[in-house]
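Observations on the three-dimensional arrangement
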Amino acid sequence: MSSPLRIAVLASGRGSNLQALIAARDTGKLPVEFVLVGSDKAQAGALELAEAAGIPRLVLNPKAYPSRRAFDLDLFSRIEATGADLLVLAGYMRILDGEALHPWVGRMINIHPSLLPKYRGLHTHRRALEAGDAEHGASVHYVTAELDGGPVIAQARIGIEAGDHEDLLAQRLLAYEHRLLPAVVRMIAAGRLAYAAPDGVALDGERLSSPLELRGDELVR
């Protein structure tokens with residue numbers, strides 16, 4: 001039997017997507033080993049979740065470093081030392097230095113609350129509402145030096161309903177994020193998904209022409 005995929009997770013906030021990953025692991029739906037949960041915020045809820053789950057934790061203060069690049073180089077060197085196969089950004093709110101992250105391209109994914117390439121960056125729910133969009137969603141993508149610009153692996157879509165406001169839309173979408181991220185990690189752990197350099201995603205060795213879509217708890221073409 002092959003060893004489980006070793007994953008590290010970075011999060012800046014409460015860690016609800018981390019909790020979804022832990023829950024999937026605990027129910028046997030996600031064959032992974034958590035080797036680290038790291039944060040740039042000492043009070044991040046994700047760190048409490050990691051402690052409760054017995055996962056090693058790391059907190060680094062960006063203000064203790066002379067530059068973003070210095071911070072990121074130290075962070076990534078510590079993650080590398082854990083032997084992580086995959087780095088998951090689950091609500092990590094820092095922009096990463098392109099040179100520092102380069103060795104991790106193809107081994108790092110991020111979940112972003114929009115249907116990329118729409119609405120990179122912040123305030124995605126507000127922007128979707130202000131644009132009058134009929135649907136909204138979340139994307140999991142490989143991380144590259146371009147902000148929220150790496151190749152999209154999979155997406156979950158929801159309709160925007162009458163009466164939706166920013167907080168309500170975010171809350172409704174979160175339930176889909178909690179299924180989308182574990183589904184992607186599960187397929188990576190199974191060896192079915194891979195980064196197709198420089199700007200693509202391969203499923204079972206075949207380059208995808210469009211992102212996978214979430215149906216229930218599974219990803220489909």
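For the structure given in this document, a descriptive report is provided here. (Residues numbered from 1 in each chain as written. Predicted model: local features only at pLDDT ≥ 70, side-chain atom pairs only at ≥ 80, totals over all residues. Heavy atoms only, no water.)

Concerning the layout of surface pockets
Put simply, the rule is: Definitions used throughout: a 1 Å grid over protein atoms alone; a cavity as a set of points that fits a 1.4 Å probe which cannot get out; a pocket as an open set with protein on both sides within 12 Å along at least five of seven lines; a lining residue as one with an atom within 4 Å of a point. Grid points are joined across faces, edges and corners, and a volume is the space filled by probe spheres set on the points. Helix and strand definitions here come from DSSP, where helices need a minimum of 4 consecutive H or I residues and strands a minimum of 2 consecutive E residues; each element is numbered from the N-terminal end. When residues are grouped by polarity, Ala, Val, Leu, Ile, Met, Phe, Trp, Tyr, Cys and Pro land in nonpolar, Asp, Glu, Lys and Arg in charged, and all others, Gly among them, in polar.
Of the pockets and cavities examined, the largest pocket occupies roughly 1,000 Å³. Around the largest pocket, the lining comprises 39 residues; the ones closest to its centre are Gly 91, Tyr 92, Met 93, Ile 111 and Pro 113. Residue assignment for the lining of the largest pocket shows that the elements contributing at least two residues are helix H1 (16–26), strand S5 (108–112), helix H5 (124–130) and helix H6 (166–189). At six residues, the largest contribution of residues to the lining of the largest pocket is made by H6. The residue makeup of the lining of the largest pocket, split by class, is 17 nonpolar, 15 polar and seven charged.

Remarks on the environment of Arg 107
Basically, it comes down to this: Contact definition: two residues touch when any of their heavy atoms are within 4.5 Å.
Within the fold, Arg 107 resides in the loop between helix H4 (98–101) and S5. Measuring from C-alpha to C-alpha, the distance between Arg 107 and Val 143 comes to 8.2 Å, with 36 residues separating the pair along the chain. The contact partners of Arg 107, leaving out residues within four places of it in the chain, are Glu 80, Ala 84, Asp 85, Leu 86 and Leu 87.

Geometry only, nothing functional implied.
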